[in-house]
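Structure at a glance
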Number of protein chains: 2
Amino acid sequence: MSFAPPRDDAGRRDWLRLIRSEGVGPRGFQRLAERFASPAEALAALPEIAPRVRLASAQEAERELEAGAGAGARLVCFGEAAYPPALADIPDPPPVFWTLGEPGLALRPCVAIVGARNASAAGARFAAELARGLGEAGWVVVSGLARGVDAAAHGAALATGTVAVHAGGVDVVYPPQHAALAERIAGTGLRMSERPMGEQPTERSFPRRNRIVSGLSRGVVLVEAAERSGSLITARMAAEQGREVMATPGAPSDPRAAGCNALIRDGAALIRGAADVLEALGPALAPPRAARPLRPASSPSRPSAAGLPDAPPDGPPAARVAALLSAAPVSFDALAAAAGLQAADLAAALSELELDGLIDRRPGDLIALA
Amino acid sequence: MSFAPPRDDAGRRDWLRLIRSEGVGPRGFQRLAERFASPAEALAALPEIAPRVRLASAQEAERELEAGAGAGARLVCFGEAAYPPALADIPDPPPVFWTLGEPGLALRPCVAIVGARNASAAGARFAAELARGLGEAGWVVVSGLARGVDAAAHGAALATGTVAVHAGGVDVVYPPQHAALAERIAGTGLRMSERPMGEQPTERSFPRRNRIVSGLSRGVVLVEAAERSGSLITARMAAEQGREVMATPGAPSDPRAAGCNALIRDGAALIRGAADVLEALGPALAPPRAARPLRPASSPSRPSAAGLPDAPPDGPPAARVAALLSAAPVSFDALAAAAGLQAADLAAALSELELDGLIDRRPGDLIALA
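Here the structure is a predicted model, which means the values were calculated and not measured.

Considerations on the packing of helix α13 (residues 317-324) of chain A against helix α14 (residues 332-339) of chain A
Residue and element names in this part refer to chain A. Packing of α13 against α14 leaves a shortest axis separation of 10 Å and a crossing angle of 115 degrees. Our classification of the angle between α13 and α14 gives roughly perpendicular. Where α13 crosses over α14, the handedness of that crossing is right-handed. Residues R320, V321 and L324 of α13 lie in contact with α14, whose contacting residues are L335, A338 and A339. Looking at the contact of α13 with α14 residue by residue, the class counts come to 5 nonpolar, no polar and 1 charged.

In structure tokens form, the structure reads like this:
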């Protein structure tokens with residue numbers, strides 16, 4: 001149900017023109033994709049079928065592409081191999097997003113850690129310990145680059161992989177005090193945003209961003225969250241997206257624990273450390289829950305090639321292959337078996353991933369995420 | 001499955017001799033009651049059937065009765081109207097216990113609040129707020145007279161009703177620093193113990209006492225409990241007795257929260273204040289869970305006389321009637337309907353309760369707990 005990914009800059013310009021048109025959001029974009037063969041066709045038809053939509057001009061889209069290129073950012077469109085399958089699975093996936101850093105990170109198993117901007121010292125320390133433990137267990141830590149819990153989680157996961165989802169443009173660091181942290185994330189991690197290059201975040205930007213934080217992730221851990229806080233919006237979105245909702249408890253006398261305690265009463269997993277998250281999420285190697293239900297931990301799993309999961313997730317072949325890959329190299333044959341693909345189809349998918357710079361070929365016919 | 005309650009001091013002496021015999025515990029006492037018609041018969045048979053049991057002498061039992069009378073304590077035997085139906089329902093109910101204070105309190109709906117002896121100031125304050133809120137909602141607060149959480153809960157529930165279960169004799173206050181608190185509990189509340197008058201508590205006394213704290217109660221709330229703490233033993237006993245287990249969360253960095261957080265992960269209700277306890281336990285008026293499952297809060301209850309529950313709990317008539325009574329007077333007819341008793345049977349049960357000093361008759365044929 002989507003447009004075929006763009007083949008060239010003209011195609012990318014049309015994708016951008018369509019999603020940047022006033023009145024076209026992620027869901028509207030989806031509806032147009034169900035009706036038209038390409039963004040160009042949708043753009044041509046829109047003045048007639050939706051006269052109130054103000055189309056973005058080709059010049060505006062060109063300017064955004066140039067700004068992205070100037071910042072060293074890369075545009076990822078829905079359906080491309082670099083588009084994370086977990087994010088594609090939410091009801092309102094961003095049609096496009098800009099990235100700075102390592103795009104392959106968002107294809108690995110992700111877990112979000114979010115929480116209070118005014119976190120206590122103990123809360124920030126806990127978030128850092130959690131991020132470190134989850135990173136060491138193979139999980140990429142996603143958060144929102146905010147003060148407090150977010151920053152602590154990103155900082156502790158720099159060595160193992162972290163994704164920062166911006167509320168404004170991917171080149172706009174908010175709060176500005178996190179410029180150095182954002183720089184380091186662009187170096188070893190990934191920054192991403194569905195918003196136009198250069199856009200300043202507004203109040204509306206944050207809940208919209210939060211759906212991407214949870215959408216990328218198999219689960220969301222809340223560390224310190226007051227009642228009616230933004231973190232609770234992320235938790236609600238995670239639940240709606242079928243993601244695991246997890247929360248760290250606190251004393252009832254601590255207002256920063258109120259949101260987390262309420263979530264736990266509502267059924268969120270109580271998290272005392274990384275081990276509890278790993279118990280809730282299952283192994284990092286398995287494909288996302290959205291694509292395939294996790295096996296219960298107690299059921300015997302039949303042996304599978306090279307430790308890869310034994311059933312391929314849904315989605316386009318390149319995305320399925322990417323979701324199976326990690327930094328640990330696997331053989332072509334093991335990958336074909338795990339993905340359930342014929343050799344020719346796997347070779348085509350790998351070529352696509354290679355062109356996107358997402359995989360490394362190693363001697364001995366071995367393949368790994370770049 | 002029990003001996004008929006004693007009718008006179010000679011009968012009470014035989015009950016005491018049997019349970020004070022070395023080698024006869026609450027379960028052994030039960031087994032003897034299944035086999036013999038009275039404690040006197042069991043005492044006569046024991047030297048033959050259990051030569052290793054060292055019988056307590058009639059003199060020892062007399063001395064205990066005299067010590068109790070001297071301390072103003074009252075002995076309650078299993079099956080008597082003052083014996084709480086909830087406690088009768090546990091697998092190893094004490095055959096006898098001594099009381100100081102208001103014996104009728106333990107017949108009212110009870111909830112236990114227990115926790116760390118080295119409670120934080122916030123934990124003690126929380127326990128006190130909880131006890132006050134539950135007391136105002138009609139619940140009697142049960143605890144173990146220990147330092148920290150126990151003492152805070154008793155102190156805050158003095159005005160509404162509190163029961164302290166002693167680990168040693170009912171006249172032995174442990175820790176001794178709680179002498180003034182114990183004095184006040186004997187004045188407006190109830191102290192009780194299954195152990196002999198004058199006995200000092202030992203290490204073994206505390207878990208044995210904890211089964212009575214939970215056994216009296218429809219639910220147990222843990223406020224601050226470290227791993228491997230005595231409070232966790234109370235929680236485990238409560239679960240085995242089919243009581244509601246509830247716990248107050250805390251930050252994972254706080255060792256005093258470890259036991260509570262683990263219980264919540266295992267399914268205990270997360271408690272942020274009195275309202276959460278009331279939600280978990282249902283209305284204070286309903287008979288104990290052990291006697292009759294609580295109606296789900298959402299199901300419509302058919303109107304019942306004077307707000308009394310519409311189905312009588314199990315047990316001997318006097319105990320059933322006592323469990324239905326509270327400080328609020330009800331009419332003879334409403335009580336007969338609620339207890340499912342004929343007028344003659346209700347009159348007999350009320351006479352028994354009146355002789356025990358457990359009820360007040362009020363003008364207009366109204367009856368209330370004394």
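Remarks on the sheet that holds strand β6 (residues 190-193) of chain A
Residues and elements named next belong to chain A. Here we have 9 strands laid out as an open sheet, ordered β1-β2-β6-β5-β4-β3-β7-β8-β9, and mixed in their pairing. Bordering the open sheet on either side are β1 (74-77) and β9 (269-270), each of which pairs with just one other strand. Where strand β2 (residues 96-101) and β6 come together, 4 bridges link them in antiparallel fashion. Across the sheet, T99 pairs through a bridge with M192, a residue of β6. Of the strands in this sheet, β7 (219-223), β8 (244-247) and β9 touch helix α11 (residues 258-265), which is tilted by about 130 degrees from β8.

Description of the packing of aromatic side chains
Tallied over the entire structure, the rule returns 12 aromatic pairs over all chains. Relative to F29 of chain B, the ring of W15 of chain B has its centre 5.4 Å away and its plane inclined at 45 degrees; by these criteria the two rings are tilted. Residue W15 of chain B is found in helix α1 (residues 9-20), and its partner F29 of chain B is found in helix α2 (residues 26-35); the two are separated by 14 residues along the sequence. Judged on exposure class, the residue W15 of chain B and its partner F29 of chain B are both buried. Both rings, one in Y83 of chain B and one in F97 of chain B, keep their centres 5.3 Å apart while their planes meet at 55 degrees; by these two values the pair is tilted. Placement of Y83 of chain B in the loop between β1 (74-77) and α5 (85-88) and of F97 of chain B in strand β2 (residues 96-101) is noted, with a sequence separation of 14 residues between them. Judged on exposure class, the residue Y83 of chain B and its partner F97 of chain B are both buried. An aromatic cluster of at least three residues, connected via ring pairs, comprises F3, W15 and F29 of chain A.

Digging into the UniProt feature "domain: Smf/DprA SLOG" (unreviewed entry) in chain A
Those residues carrying the UniProt feature "domain: Smf/DprA SLOG" (unreviewed entry) are residues 75-281 of chain A in this numbering. Here residues 75-281 of chain A runs as 37% helix and 18% strand, with 30 Å between its end C-alpha atoms.

Quick look at the domain arrangement of chain A
Residue and element names in this part refer to chain A. Taken domain by domain, chain A comprises domain 1 (103-161 + 201-281) and domain 2 (305-369). On a C-alpha basis, the centres of domain 1 and domain 2 stand 30 Å from each other. Taken together, the contacts link 4 residues of domain 1 with 4 residues of domain 2. Taken together, the two surfaces of domain 1 and domain 2 that pack against each other cover about 370 Å², and 80% of this comes from carbon and sulfur. For domain 1, the biggest contributors to the area lost against domain 2 are G104, L107 and R108; these three give 86% of the whole. At the surface where domain 1 touches domain 2, the tally comes to 0 salt bridges. At the junction of domain 1 with domain 2, the criterion picks out 0 residue pairs in polar contact (both at pLDDT 80 or more). Per-class residue counts for the side of domain 1 that touches domain 2 are 2 nonpolar, 1 polar and 1 charged.

So, the confidence of the model for chain A
Looking at chain A, the pLDDT average stands at 88 and 91% of residues meet or exceed 70. In the predicted structure, residues 286-313 of chain A sits below a pLDDT of 50 and forms 49 contacts with residues beyond four places in sequence or in another chain.

Quick look at the interface of chain A and chain B
Taken together, the contacts link 17 residues of chain A with 17 residues of chain B. Together chain A and chain B conceal approximately 1300 Å² of surface at their shared face, both sides included; 62% is due to carbon and sulfur atoms. Counting the surface chain A buries against chain B, the share from its top three residues, P252, R265 and R272 of chain A, is 46%. Run the count over chain A and chain B and you get 4 salt bridges.

Let's talk about the sheet that holds strand β12 (residues 366-369) of chain A
Paired through their backbone hydrogen bonds, the strands of a sheet run either parallel or antiparallel. Residues and elements named next belong to chain A. With antiparallel pairing, the 3 strands of this open sheet are ordered in space as β10-β12-β11. Only two strands of the sheet have a single partner each, and these edge strands are β10 (330-331) and β11 (359-362). Pairing geometry for β11 and β12, over 4 bridges, is antiparallel. From the neighbouring strand, I359 faces β12, where its bridge partner is L369.

Thoughts on the environment of D345 of chain B
Structurally, D345 of chain B can be placed in helix α15 (residues 343-355). Distance from D345 of chain B to D276 of chain B, taken between C-alpha atoms, is 39 Å for residues 69 residues apart in sequence.

Remarks on helix α14 (residues 332-339) of chain B
Residue and element names in this part refer to chain B. Counting buried positions over the 8 residues of α14 gives 6, a clear majority of the element. Every buried residue belonging to α14 is among F332, A334, L335, A336, A338 and A339, and all of these are buried. Check the buried side of α14 and you find it contacts α13 (317-324), β10 (330-331), α15 and β12 (366-369). Backbone geometry just after α14 places G340 at a positive phi near 65 degrees.

Comments concerning the nonpolar core
One broad trend across soluble globular proteins is that nonpolar side chains are buried collectively. Counting 162 residues, the largest nonpolar core has V321 of chain A together with V321 of chain B as the members making the most contacts within it. Residues contacting V321 of chain A, with those up to four places away along its chain left out, are L335, A339, L341, L346, A349, L350 and L353 of chain A.

Some remarks on the relation of the copies chain A and chain B
With an RMSD of 0.1 Å, chain A superimposes on chain B once it is rotated by 180 degrees and translated 0.0 Å along the axis. In short, the pair behaves as if placed about a two-fold rotation axis. Within chain A, the C-alpha atom positioned nearest to the axis of rotation is that of G250 of chain A, 2.0 Å from it. When the interface residues of chain A are mapped onto chain B, 100% of them again fall at the interface, so both copies present the same face.

Describing the pairing of strand β5 (residues 162-165) of chain A
All names here are of chain A. Residues T162 and A164 of β5 are buried on one face, and the alternating residues V163 and V165, pointing to the opposite face, are buried as well. Note: strand β4 (residues 140-143) against β5, 3 bridges, orientation parallel. Within the sheet, the bridge partner assigned to S143 lies in β5 and is A164. Since β4 and β5 lie parallel, the crossover through helix α7 (residues 149-156) that links them has a hand, and here it is right-handed. Pairing of β5 with β6 involves 3 bridges; the strand directions are parallel. Counted as the bridge partner of V165 is M192 from β6. Read from β5 through helix α8 (residues 179-188) to β6, the crossover connection turns out right-handed.

Let's talk about the side chain of E194 of chain A
The residue E194 of chain A is located in the loop between β6 and α9 (205-215) in this model. Within the local environment of E194 of chain A, its side chain forms a polar contact with the side chain of R211 of chain A, the two groups lying 2.7 Å apart.

Structural notes on unusual backbone geometry
All names here are of chain A. In the segment running from Y174 into P175, the intervening peptide bond is cis, with an omega of 0 degrees. With respect to the secondary-structure elements, P175 resides in the loop between β5 and α8. Even without being a glycine, E224 presents a positive backbone phi close to 60 degrees. Looking at where E224 falls in the secondary structure, it is placed in the loop between β7 and α10 (230-240). Under the relative-accessibility criterion, E224 is labelled buried at 12%. If you check the backbone angles, R228 has positive phi at about 55 degrees while not being a glycine. If you trace the backbone, R228 turns up in the loop between β7 and α10. Residue R228 is classed as exposed on the basis of its relative accessible area, which comes to 79%.

Each value, and the rule that gives it
The written sequence of each chain sets the order in which its residues are numbered from 1. The lettering of chains begins at A and the numbering of ligands begins at 1, in the order of writing. Reporting of local features is limited, given that this is a predicted model, to residues whose pLDDT is at least 70; pairs of side-chain atoms are given and counted only at 80 or more, and all residues count toward the totals for whole chains, interfaces and linings. Heavy atoms throughout the structure, all of them, feed into the side-chain values; hydrogens and water do not. Helix axes are fitted only over the stretch in contact, all axes being lines through C-alpha atoms; the angle between N-to-C directions runs from 0 to 180 degrees. Runs of H or I in DSSP of at least four residues are treated as helices and runs of E of at least two as strands, each being numbered from the N terminus. Each angle gets one of four labels, with under 35 degrees taken as roughly parallel, over 145 as roughly antiparallel, 65 to 115 as roughly perpendicular, and the rest as oblique. Left-handed describes a crossing whose near helix is turned anticlockwise from the far helix through less than a right angle; right-handed describes the clockwise counterpart. We call two residues contacting when some pair of their heavy atoms lies within 4.5 Å. Three categories are distinguished: nonpolar for Ala, Val, Leu, Ile, Met, Phe, Trp, Tyr, Cys and Pro, charged for Asp, Glu, Lys and Arg, and polar for the others, with Gly belonging to the last. If DSSP finds at least two bridges between two strands, the strands pair. Any two of the Phe, Tyr and Trp rings considered here, Trp counted by its six-membered ring, make a pair once their centres fall within 6.5 Å; the pair's planes then place it as stacked at under 30 degrees, edge-to-face at over 60, or tilted in between. Burial here depends on accessible area, computed with a 1.4 Å probe over protein chains only, as a share of the maximum for the residue type. Under 20% is buried, over 50% is exposed, and the range in between is partly exposed. UniProt positions are given in the numbering used here, feature names are shortened, and annotations may be inferred rather than shown by experiment. Domain boundaries shown here were taken from an automatic or database domain assignment. By definition, the buried area sums, over both parts, the 1.4 Å-probe accessible area that each loses when the two are put together. Just to be clear on terms, a salt bridge is a Lys or Arg side-chain nitrogen sitting within 4 Å of an Asp or Glu carboxyl oxygen. The definition of a polar contact used here is a pair of N or O atoms within 3.5 Å, where within protein one atom must be able to donate a hydrogen and the other to accept one, and adjacent residues in sequence count solely through side-chain atom pairs. Summary of the metric used: pLDDT quantifies the predictor's per-residue confidence within the range 0 to 100. Take the buried residues of types Ala, Val, Leu, Ile, Met, Phe, Trp, Tyr and Cys, join any two whose side-chain atoms come within 4.5 Å, and each joined set is a nonpolar core. The atoms used to superpose the copies are C-alpha atoms, taken from residues with pLDDT of at least 70 in both, and the fit is least squares. If the strands point away from the viewer and the path from the first strand over the helix to the second runs clockwise, then the crossover is right-handed.

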